[in-house]
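Listed below are the residues making up each chain.
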Amino acid sequence: KFQYIINFYENKNIFFIDLTGTLEKEKISHLKLMFMHYLKDKITKLKGVVYIFNNTDENSINFSTLWLLFRFWKGLQVPYNKIYYLTNSQKIVNILQTYLGDFGINHCPTLLDIVKSLFPSFKDKNEMEIFEFASTLLLTDYKIKPNQ
């Protein structure tokens, strides 16, 4: 069993959720309250929400865990088309497309693609400029690690 770690933070009106390890319903069911508390007044200003499935246990991805991870955003007034996810796992992509593909949640192969989508002014920039900006998105002075 993989250790469960979640980091989340906000930078440039993008809310990042980095998931590592085994997803457990009991632990992820409390995320909505943590996210609401952390984001407070920022929810209406969010350009997007980005899930990063980083060494996530593929066997823990199923309808129940995915529904818990994604469904509460609608209740927080964040449309599903503002939600993105990054993963190198084709199995996770297939499962997310099967269960949530019709909701408008976006899979992007790289953070550069997310930058181009959420920051239209970068569509015509060269790849190095996009990369440098994308790198700044992943930097924050304050990361929260609620369940380790």
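Predicted, not measured: the structure shown is a model, and the values here were computed from it. (Residues numbered from 1 in each chain as written. Predicted model: local features only at pLDDT ≥ 70, side-chain atom pairs only at ≥ 80, totals over all residues. Heavy atoms only, no water.)

S.K.: Explain unusual backbone geometry to me, and be specific about the residues and the numbers.
M.R.: The backbone phi angle of N55 is positive, close to 55°, even though this residue is not glycine. In this structure, N55 sits in strand β3 (residues 48-56). Not every positive phi belongs to a glycine, and Q77 is a case in point at roughly 70°. Turning to its location among the elements, Q77 is positioned in the loop between α3 (63-75) and β4 (83-86). For Q77, a relative accessible area of 67% puts it in the exposed group. (Helix = DSSP H or I, 4+ residues; strand = E, 2+ residues; numbered from the N terminus. Buried < 20%, exposed > 50% of the residue type's maximum accessible area, 1.4 Å probe, protein only.)

S.K.: A description of the packing of aromatic side chains should follow, citing residues and the corresponding values.
M.R.: For the structure shown, the criterion picks out 20 aromatic pairs. Relative to F16, the ring of Y9 has its centre 5.2 Å away and its plane inclined at 20°; by these criteria the two rings are stacked. Members of the aromatic cluster, joined through ring pairs, are F8, F15, F35, Y38, F72 and W73. Over the aromatic face of Y38 sits the side chain of K42, whose NZ or CZ is 5.6 Å from the ring centroid. (Phe/Tyr/Trp six-rings, centres within 6.5 Å; stacked < 30°, edge-to-face > 60°. Lys NZ or Arg CZ within 6 Å of the ring centre and 35° of its normal.)

S.K.: Run through the pairing of β3, naming residues and quoting values.
M.R.: Summarising burial for β3: seven of the nine residues are buried, a large majority. By the bridge criterion, seven bridges tie strand β2 (residues 14-21) to β3 in an arrangement that is parallel. Looking at the pairing, F15 lines up with V49 of β3. Inspection of the sheet shows β3 paired to β4 by four bridges, in the parallel sense. Paired with I52 across the strands is L86, a residue of β4. Taken together, β3, α3 and β4 constitute a β-α-β crossover, and its handedness is right-handed. (Pairing = 2+ DSSP bridges. Right-handed = clockwise from strand over helix to strand, strands pointing away.)

S.K.: Explain the pairing of strand β1 (residues 5-11) residue by residue, including any values.
M.R.: For β1, a buried count of six out of seven residues is recorded, marking the element as mostly surrounded by other parts of the structure. The antiparallel hairpin formed by β1 and β2 contains two residues in its connecting segment, where K12 sits at a positive phi of about 55°.

S.K.: Please set out the side chain of T56 residue by residue, giving values where relevant.
M.R.: Relative to the assigned elements, T56 resides in strand β3. Since its relative accessible area comes to 9%, T56 is described here as buried. Polar side-chain contacts of T56 include one of 2.9 Å to the backbone oxygen of L19. For T56, the residues in contact, after removing those within four places along its chain, are L19, T20, G21, L23, I61 and I92. (Polar contact = N/O pair within 3.5 Å; in protein donor to acceptor, adjacent residues only side chain to side chain. Contact = heavy atoms within 4.5 Å.)

S.K.: Requested: an account of the pattern of salt bridges, with residues and values cited.
M.R.: Scanning all chains against the criterion turns up two salt bridges. One salt bridge in this structure joins K42 and E10, with 3.4 Å as the shortest N-O distance. Taken as a pair, K42 in the loop between α2 (31-39) and β3 and E10 in strand β1 lie far apart in primary sequence, 32 residues in all. Note on E10: relative accessible area 14%, which makes it buried. (Salt bridge = Lys/Arg side-chain N within 4 Å of Asp/Glu carboxyl O.)

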